[in-house]
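Notes for the structure review
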Amino acid sequence: NPYALIKLNPDLTIADVNPAFLTITGYKKEEWIGKSAGEFKILKRDGPTPLDAINTKSTLRGTYVADFPKGITSMEYSYIPIFEPKGIIMYVYAIFADRTQLDSKINELGFLIRDNPGAIATIDLQGNFKAVNPAFQEMSHISAEKLLSMNVSDLKILSKQGISFSDIISSKKASKPKFMN
């Protein structure tokens, strides 16, 4: 299994971990069996805790950055509570996917886009602006704050070269349209 897995007891102590967890974190199995999951050095969390999954009786997801022996690691996680038929909590499975390399590439791309002298905008499938670089703001004469609340159809385009936004989406291919604003 490529995903790191922790089996938590109802009191949130660690009952078991799989080999992927040991590989990603650099811990030894005997270091964590019986310890509390709260003892991990979490640097940043965006999402719920295992206790939230128990209280809501549902699978919950989020991300966090932790400082492990192997280094600072960015993880996407899911907490899955397992209940007996009578509704008593048996275990919580914590499943982790290592996002460290992906997040590093995203940060690198963000830097390349942000500092690029060419006008660049990131637009979702519905045409909403998700990110713009300073060159795009300068070209459009619209602030980043305003652009990020706009849809591509909100722009007053005087002329363009290339295919339309809807054609770009349907073709699923990158395009370099040229706009006169």
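Residues numbered from 1 in each chain as written. Predicted model: local features only at pLDDT ≥ 70, side-chain atom pairs only at ≥ 80, totals over all residues. Heavy atoms only, no water.

1. Description of the overall build of the chain
Basically, it comes down to this: Secondary structure follows DSSP: runs of H or I at least 4 residues long count as helices, runs of E at least 2 residues long count as strands, and numbering of each begins at the N terminus. The buried label goes to any residue with under 20% of its type's maximum accessible area, the exposed label to any with over 50%, and the partly exposed label to all in between, with areas taken from a 1.4 Å probe on protein chains only. We call two residues contacting when some pair of their heavy atoms lies within 4.5 Å. Computed with the Shrake-Rupley method and a 1.4 Å probe, the accessible areas treat only the protein chains shown as cover for residues. Asp and Glu count as negative and Lys and Arg as positive, but His and the ends of the chain are not part of the count. A charge is said to be at NZ when it belongs to Lys, at CZ for Arg, at CG for Asp and at CD for Glu.
What the chain contains, in helices and strands, is seven helices and 10 strands. With the C-alpha coordinates aligned to their principal axes, the bounding extent of the chain is approximately 65 × 40 × 30 Å. Put simply, the chain has 181 residues, and 29% of those count as buried. Long-range pairs, those at least 24 residues apart, make up 33% of the contacts in the chain between residues at least 6 apart in sequence. Surface exposure of the chain reaches about 11,700 Å², of which carbon and sulfur atoms provide 56%. Distance from the positive charge centre (22 side chains) to the negative charge centre (19 side chains) of the chain: 5 Å.

2. Observations concerning the pattern of salt bridges
Heads up, the rule is: Should a side-chain nitrogen of Lys or Arg be within 4 Å of a carboxyl oxygen of Asp or Glu, the pair is scored as a salt bridge.
Applying the stated criterion across every chain yields a total of four salt bridges. Of the charged contacts in the structure, one is a salt bridge between lysine 29 and aspartate 16, with a shortest N-O distance of 2.9 Å. With lysine 29 in helix α2 (residues 29-32) and aspartate 16 in strand β2 (residues 14-17), this pair connects stretches of sequence that are 13 residues apart. When the shortest N-O distance is used, the salt bridge between arginine 99 and glutamate 76 registers 3.3 Å. Of this pair, arginine 99 sits in the loop between β6 (89-98) and α4 (100-114) while glutamate 76 sits in strand β5 (residues 71-83), and the two are 23 residues apart along the sequence.

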